[in-house]
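Residue strings, one per chain:
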Amino acid sequence: MPVIRNLGRAASQLLQSSGCGCGVSLVPARAIGVSPRQVASDASFHSVTFSESDHPRVLITGGLGQLGVGLAKLLRKRFGKNNVILSDIRKPADNVFYSGPFIFADILDYKNLREIVVNNRITWLFHYSALLSAVGEANVPLARAVNITGLHNVLDIAAEHNLRLFVPSTIGAFGPTSPRDPTPDLCIQRPRTIYGVSKVHAELMGEYYHYRYGLDFRCLRYPGIISADSQPGGGTTDYAVQIFHDAIKTGKFKCYLRPDTRLPMMYIDDCLKATLEVMEAPAETLTMRTYNISAMSFTPEELAQEVQKYVPELQMTYNVDQVRQAIADSWPMNFDDSNARRDWGWKHDYDLPELVTTMFSYLGSDSRIAQAN
Ligand SMILES: NC(=O)c1ccc[n+]([C@@H]2O[C@H](COP(=O)([O-])OP(=O)(O)OC[C@H]3O[C@@H](n4cnc5c(N)ncnc54)[C@H](O)[C@@H]3O)[C@@H](O)[C@H]2O)c1
Ligand SMILES: C[C@@H](O)[C@H](N)C(=O)O
């Protein structure tokens, strides 16, 4: 690491002393200039007033997906409601809109994103916008735009404005030639989805900006995330959320992955806790900028067995979707997160039994569950 950091320093010193008079900056070139469009700070969202405090002022992009609303809730508890702005290109539900500041932000609109950061004096950015693995394969040009061009916009704005930037990566950043059981932080990464390719790109670009421009980039590779009060956005691990809803509603679940498909998974509270922890970790504790995090790993068959403790009559059938099966077969089965545990004390709270108990207690104990107990 120090070698690379020194390389970056040496390169900028070389440029600065080159005598070209071109005033080489440590931030990306397009980040220098004046935004032609300035809007009033409260023009497009409601009731945002920041109190003077040491708290970071946070922007979450792509915040209306499976993870963003929960993240906003956690961050608002910690930093104050008005210090956390949720954003997306979709219309928020009433309860989300009235729970704190919300703003329209399209990450493909560089100038607008920059205005939002400037006008709201943003200091931390959580970049959640993305097209996930399955929807990415269904629309590669859009996935490329959102996941790669959008990331470039975010990186430049973050570097220019000295933001602490969190970008989630994924188990999908690995591929069939990666070691799969377990998968360490540093190994071959040759994913075969546009989602995975874009996430490896994000990891590498973020780390490059860190060493080249001093950007405070932090990245966790999430497993498949399981949540009760938000729906997944079109990934390969979505079955592990849907099974709970279908078990309760119909007592039947048709799984699109083979029964023995093992993937790393995590309950949403652990995922969001890890995200906040890595953002708050002192920089000197981070020996890396991209970490695996892990909690549990299971197959559809094992999940069904655990669900059947609550819904014994659950009928699980399989109708394999070749696209998602091929993706899952190329992903890690178990994730090695020993570096996160060592460096900043990562520790998960939920294993499979606690996950299933928590999901059923959130989703309501209807007659099926009552009968089982
Ligand atoms: N959910 C998981 O299991 C999981 C696992 C690993 C990594 N991640 C990563 O975490 C992040 C959040 O995941 P999620 O599950 O909430 O995703 P999601 O698909 O549920 O939500 C993504 C959001 O991005 C928004 N978006 C799309 N195009 C946009 C644009 N041009 N500008 C702004 N927003 C745009 C969408 O409207 C959507 O609300 C993603 O980066 C994802 O790759 C998620
Ligand atoms: C694993 C993760 O990145 C996402 N849930 C997907 O399946 O695409």
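Residues numbered from 1 in each chain as written. Chains lettered and ligands numbered in written order. Predicted model: local features only at pLDDT ≥ 70, side-chain atom pairs only at ≥ 80, totals over all residues. Heavy atoms only, no water.

As recorded by an unreviewed UniProt entry, the chain carries the name L-threonine 3-dehydrogenase, mitochondrial and is attributed to Lonchura striata. What UniProt records for the chain under Function (unreviewed entry) is the sentence "Catalyzes the NAD(+)-dependent oxidation of L-threonine to 2-amino-3-ketobutyrate, mediating L-threonine catabolism." (UniProt positions renumbered as here; feature names shortened; annotations may be inferred.)

Q: Would you take a moment to explain the sheet that holds strand S10 (residues 263–267) for this structure?
A: What links the strands of a sheet is backbone hydrogen bonding, and the strands pair in either a parallel or an antiparallel sense. Judged by pairing direction, the sheet is mixed, and its three strands sit side by side in the order S8-S10-S12 without closing on themselves. Of all the strands in the sheet, just strand S8 (224–226) and strand S12 (296–298) have a single pairing partner and so form its edges. The sheet shows a mean angle of 45° between the axes of neighbouring strands, direction not considered. Bridge count for S10 against S12 is three bridges, and the pairing is antiparallel. What sits directly across from Pro264, in S12, is Ser297. (Pairing = 2+ DSSP bridges. Helix = DSSP H or I, 4+ residues; strand = E, 2+ residues; numbered from the N terminus. Axes fitted to C-alpha atoms, helices over the stretch in contact; angles between N-to-C directions.)

Q: Can you walk me through the site of ligand 2 in this structure?
A: Around ligand 2, the surrounding shell consists of Leu132, Ser133, Thr170, Ile171, Tyr195, Gly235, Thr236, Thr237 and Trp331. Between Ser133 and ligand 2, the recorded distance is 2.6 Å, taken from a side-chain N or O atom to an oxygen atom. With respect to ligand 2, the side chain of Tyr195 contributes an N or O atom lying 2.6 Å from an oxygen atom. Within the complex, 93% of the 250 Å² of free accessible area of ligand 2 lies under protein. (Near = heavy atom within 4 Å. Polar contact = N/O pair within 3.5 Å; in protein donor to acceptor, adjacent residues only side chain to side chain. Areas by Shrake-Rupley, 256 points an atom, 1.4 Å probe, with all protein chains shown as cover.)

Q: What's the story with the UniProt feature "domain: NAD-dependent epimerase/dehydratase" (unreviewed entry) in the chain in this structure? I'm lost.
A: In the UniProt entry, the feature "domain: NAD-dependent epimerase/dehydratase" (unreviewed entry) is given for residues 58–293. In residues 58–293, the share of helix is 41% and the share of strand is 18%. The end C-alpha atoms are 23 Å apart.

Q: Is there a simple way to explain the site of ligand 1 in this structure?
A: As a matter of local geometry, ligand 1 sits amid 26 residues, with Gln66, Asp88, Arg90, Tyr195 and Lys199 nearest to it. In the model, an oxygen atom of ligand 1 is placed 3.0 Å from a nitrogen or oxygen of the Leu67 main chain. Interatomic distance of 2.9 Å between a side-chain N/O atom of Asp106 and a nitrogen atom of ligand 1. Within the complex, 93% of the 820 Å² of free accessible area of ligand 1 lies under protein. For the shell around ligand 1, the elements supplying multiple residues, two or more each, are strand S6 (169–170), helix H7 (194–213) and S8. Residue classes in the shell around ligand 1 are distributed as 14 nonpolar, eight polar and four charged. (Nonpolar A, V, L, I, M, F, W, Y, C, P; charged D, E, K, R; others polar.)

Q: Hey, could you run me through the pattern of salt bridges in this one?
A: Close approach of charged atoms allows side chains of opposite charge to pair. Under the counting rule described, the total for this entry stands at 15 salt bridges. Across the salt bridge formed by Lys273 and Asp349, the nearest N and O atoms sit 3.2 Å from each other. Pair noted here: Lys273 is in helix H9 (residues 268–280) and Asp349 is in the loop between helix H12 (338–344) and helix H13 (352–363), with a separation of 76 residues, a long-range link. Residue Lys273 is classed as partly exposed on the basis of its relative accessible area, which comes to 23%. Taking the relative accessible area as the measure of exposure, Asp349 reaches 46% and is therefore partly exposed. Here the salt bridges share partners, and the residues they tie into one network are Arg164, Asp216, Arg218 and Arg289. (Salt bridge = Lys/Arg side-chain N within 4 Å of Asp/Glu carboxyl O. Buried < 20%, exposed > 50% of the residue type's maximum accessible area, 1.4 Å probe, protein only.)

Q: What's the story with the side chain of Ser294 in this structure? I'm lost.
A: One can find Ser294 in the loop between strand S11 (290–292) and S12. For Ser294, a relative accessible area of 11% corresponds to the buried category. Not counting residues up to four positions away in its chain, the partners in contact with Ser294 are Pro223, Met266, Phe335, Asp337, Arg341, Trp346 and His348. (Contact = heavy atoms within 4.5 Å.)

Q: Sorry, what's going on with the packing of helix H2 (residues 68–79) against H9 here?
A: Packed helices, taken two at a time, are described by their axes: the angle between them and the distance between them. At a closest axis distance of 10 Å, the pairing of H2 and H9 adopts a crossing angle of 50°. Between H2 and H9, the interaxial angle falls into the category oblique. By crossing handedness, the relation of H2 to H9 is classed as right-handed. Contacts between H2 and H9 involve Gly70, Leu71, Leu74, Leu75, Arg78 and Phe79 from the first element and Leu272, Lys273, Thr275, Leu276 and Glu280 from the second. The residue makeup of the contact of H2 with H9, split by class, is six nonpolar, two polar and three charged. (Parallel < 35°, antiparallel > 145°, perpendicular 65-115°, else oblique. Left-handed = near helix turned anticlockwise from the far one by under 90°.)

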